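Chain and residue survey
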Amino acid sequence: MSYETILFDQTDGVATITLNRPETLNAFNDTMIRECIDAFKRCGRDPQVRCVVLTGSGRGFSSGQDLAAVQARGQEFSIGEHLRQGYHRLIKTMVGLERPIVGAINGVAAGAGCGVALATDIRIAAEKASFVLAFSRVGLIPDSGLNWFLPRIIGQARAYQLAVTAEKLGAQQALEWGLVNQVAPMEKFQATVASWAQRLAQGPVLAYGLTKRAMNRAWEQSLDQALAYEAYLQETAGRSLDHREGVQAFLEKRAPRFVGA
Ligand code: LHQ
């Protein structure tokens, strides 16, 4: 399938999805939401894809909902329905995708663009990247999963502060608050993202996927439930070719060659 609003590339086990409406700092219109869902689902169906990178073209990551498109819809537009039909599907597809997703946050991530950024698993920010909960500027509350993600990642006091002030959080502060895993200077940004993606793509991606599932599920579980669930998933990981290969490689004092199964 060819896309209108995103670019899709697949090389050496790494699929790269690039939000591509740079004239709006990659604001989400309906087509872009739909195409992102399609692209992530496609990655989930393809065993050749072992890691996904999500980034933006131009100077922004994403400015969130395309406000011009919203205004054009007039008074009858239901934001709740728009969220349920669009962003919720996108966020759940990303969280449910059992491959690591690297968020390559190349510039500003605002509004729903920030929610989508936080639905990635490993976040690498360019030095000039920033996060803006722009919602309160337009009289809205955070959405697209932000009320769930943000307090869990940075704590409620900081999350609430970002929501009510709508102030820009710079990349360095985001690193200190644990919102991103690494900040890279612009000239090293692409190489840093590529190195993360290649490293993840060469790893035991079945185990990476099950880890993502276990950690996401654990938020809603008691300790007993989490222990039971991880034992259940470990049974699967323990029967994988990658587990066998990992142990063999350790004993033979060589680097493992994981196949992702
Ligand atoms: C834009 C946008 C944009 C259209 C920049 N839309 N064109 C969900 C469901 C339904 C309804 C509502 O919302 C939601 C969730 C949300 O996402 S609500 C939050 C929506 N996003 C925002 O409120 C952010 C709006 N943008 C900004 O505040 C700034 O553009 C930021 C802080 C992101 C970047 O500022 P600058 O670097 O100064 O860039 P800029 O403002 O000059 O923008 C560059 C161009 O992009 C500009 O167009 P122009 O033709 O003048 O060059 C903007 O109009 C356009 N653009 N965001 N969301």
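Residues numbered from 1 in each chain as written. Predicted model: local features only at pLDDT ≥ 70, side-chain atom pairs only at ≥ 80, totals over all residues. Heavy atoms only, no water.

A closer look at a nonpolar patch on the surface
To keep things clear, this is the line we draw: To count toward a patch, a residue needs a relative accessible area over 30% and no salt bridge; like charges are then connected within 9 Å, while nonpolar side chains (Val, Leu, Ile, Met, Phe, Trp, Tyr) are connected within 5 Å. For the area figures, the Shrake-Rupley method with a 1.4 Å probe applies, and any residue is considered shielded solely by the protein chains shown. Whenever Lys or Arg places a side-chain nitrogen within 4 Å of a carboxyl oxygen from Asp or Glu, that contact is recorded as a salt bridge. Going along the chain from the N terminus, every DSSP run of H or I of four or more residues is numbered as a helix, and every run of E of two or more is numbered as a strand.
A grouping of Leu67, Ile79, Val138 and Leu140 is seen on the molecular surface, where their side chains present a nonpolar patch of about 340 Å² in accessible area. Among the secondary structure elements, Val138 is positioned in the loop between strand 8 (130-132) and helix 5 (146-154).

Remarks on the nonpolar core
Put simply, the test is: Nonpolar core, defined: a set of buried Ala, Val, Leu, Ile, Met, Phe, Trp, Tyr and Cys residues in which side-chain atoms within 4.5 Å join the residues together. Under the scheme applied here, a residue whose accessible area is under 20% of the maximum for its type counts as buried, over 50% as exposed, and between as partly exposed, the area being computed with a 1.4 Å probe on protein chains only. Every residue pair with non-hydrogen atoms within 4.5 Å of one another is taken to be in contact.
Judged by nonpolar contacts, the single largest core of 51 residues is most densely connected at Phe28, Phe40 and Phe131. With seven residues, helix 1 (residues 30-45) is the single largest residue contributor to this core. Setting aside anything within four residues of it in sequence, one finds Phe40 in contact with Ile17, Val52, Leu54, Leu90, Thr93, Met94, Leu97 and Ile101. In this structure, Val102, Ala104, Ala184 and Leu200 belong to the second largest nonpolar core, which totals 15 residues.

Brief notes about the site of the ligand
Rule in force here: Any residue with a heavy atom lying within 4 Å of a molecule or strand is counted as near it. Residues adjacent in sequence count toward polar contacts only when both atoms are side-chain atoms; beyond that, a polar contact is any pair of N or O atoms within 3.5 Å, and within protein one must be able to donate a hydrogen and the other to accept it.
Among the 24 residues in the neighbourhood of the ligand, the closest are listed as Arg59, Ser63, Gln65, Leu67 and Ala112. A distance of 3.4 Å separates an oxygen atom of the ligand from a polar atom in the backbone of Glu23. Gln65 places a main-chain nitrogen or oxygen 2.8 Å from a nitrogen atom of the ligand. Calculation on the ligand without its partners gives an accessible area of 1000 Å², and the protein chains cover 67% of this total. Mapped onto the shell around the ligand, the elements with two or more residues apiece are helix 2 (67-73), helix 3 (79-96) and strand 6 (108-110). Of the residues forming the shell around the ligand, the biggest block, four residues, is contributed by helix 3.

Brief notes about the pairing of strand 3 (residues 51-56)
Looking along a regular strand, one sees the side chains alternate between the two faces of the sheet. Threshold: A pair of strands is labelled paired if DSSP reports no fewer than 2 bridges between them. Crossovers are described as right-handed under a simple rule: with the strands pointing away from the observer, the path leading from the first strand over the helix to the second runs clockwise.
Across the six residues that make up strand 3, a large majority, six, are buried. Side chains Cys51, Val53 and Thr55 of strand 3 all project onto a buried face; the interleaved residues Val52, Leu54 and Gly56 project onto the opposite face, where all are buried too. Sheet topology note: the strand 2 (residues 14-19)/strand 3 ladder contains six bridges and is parallel. Paired with Leu19 across the strands is Gly56, a residue of strand 3. Running through helix 1, the crossover from strand 2 to the neighbouring parallel element strand 3 is right-handed. Strand direction decides the pairing type here: strand 3 and strand 5 (residues 101-105), joined by four bridges, are parallel. Within strand 5, the position partnered with Thr55 by the bridge is Ala104.

Notes on helix 9 (residues 205-218)
Selection rule: The span you would expect from a helix comes to 1.5 Å times its residue count less one.
Taking 1.5 Å per residue as the helical rise, helix 9 with its 14 residues ought to reach 20 Å, and the 20 Å between its terminal C-alpha atoms agrees with that figure. Among all positions of helix 9, only Val205, Gly209, Leu210, Lys212 and Ala214 are buried. Those residues of helix 9 that are buried are in contact with helix 3, strand 5, helix 8 (186-201), helix 10 (223-238) and helix 11 (241-251).

As for the packing of helix 5 against helix 6 (residues 156-165)
What counts here: All axes are obtained by fitting lines to C-alpha atoms, using only the stretch in contact for helices, and the reported angles, taken between N-to-C directions, cover 0 to 180 degrees. Roughly parallel here means an angle under 35 degrees, roughly antiparallel means over 145, roughly perpendicular means 65 to 115, and every remaining angle is called oblique. Any residue outside Ala, Val, Leu, Ile, Met, Phe, Trp, Tyr, Cys, Pro, Asp, Glu, Lys and Arg is labelled polar, Gly included; the first ten of those are nonpolar and the last four are charged.
Across the interface, helix 5 lies against helix 6 with an axial gap of 7 Å and an inter-helix angle of 130°. One way to sum up the angle between helix 5 and helix 6 is to call them oblique. Contact with helix 5, carried on its side by Leu150, Pro151 and Ile154, involves Gln156, Arg158, Ala159 and Leu162 of helix 6 and no other residues of that element. Split into classes, the residues belonging to the contact of helix 5 with helix 6 amount to five nonpolar, one polar and one charged.

A word on the sheet that holds strand 9 (residues 169-170)
Within the open sheet, the four strands sit side by side as 4-6-8-9. Their pairing is mixed. Bordering the open sheet on either side are strand 4 (60-62) and strand 9, each of which pairs with just one other strand.

Focus on the packing of aromatic side chains
Stated precisely, the cut-off is as follows: Here a pair means two rings of Phe, Tyr or Trp (six-membered ring of Trp) with centres within 6.5 Å. Their orientation is stacked below 30 degrees between planes, edge-to-face above 60, and tilted elsewhere. A positively charged side chain is recorded as over a ring if its NZ (Lys) or CZ (Arg) lies within 6 Å of the ring centre. The angle to the ring normal must also be within 35 degrees.
Inspection of the entire model under this criterion finds five aromatic pairs. Plain terms: the ring middles of Phe28 and Tyr87 are 5.8 Å apart, the flat faces sit at 75° to each other, and that makes the pair edge-to-face. Here Phe28, found in the loop between strand 2 and helix 1, pairs with Tyr87, found in helix 3; they are 59 residues apart in sequence, far enough to count as distant. Tyr87 sits in the buried class, given a relative accessible area of 1%. An aromatic cluster is present here, built from Trp148, Phe149 and Trp219 joined pairwise through their rings. The ring of Trp219 carries Arg152 above its face, with NZ or CZ at 4.8 Å from the centroid. For Arg199, the ring lying beneath its charged end belongs to Trp196, and the centroid distance is 5.4 Å.

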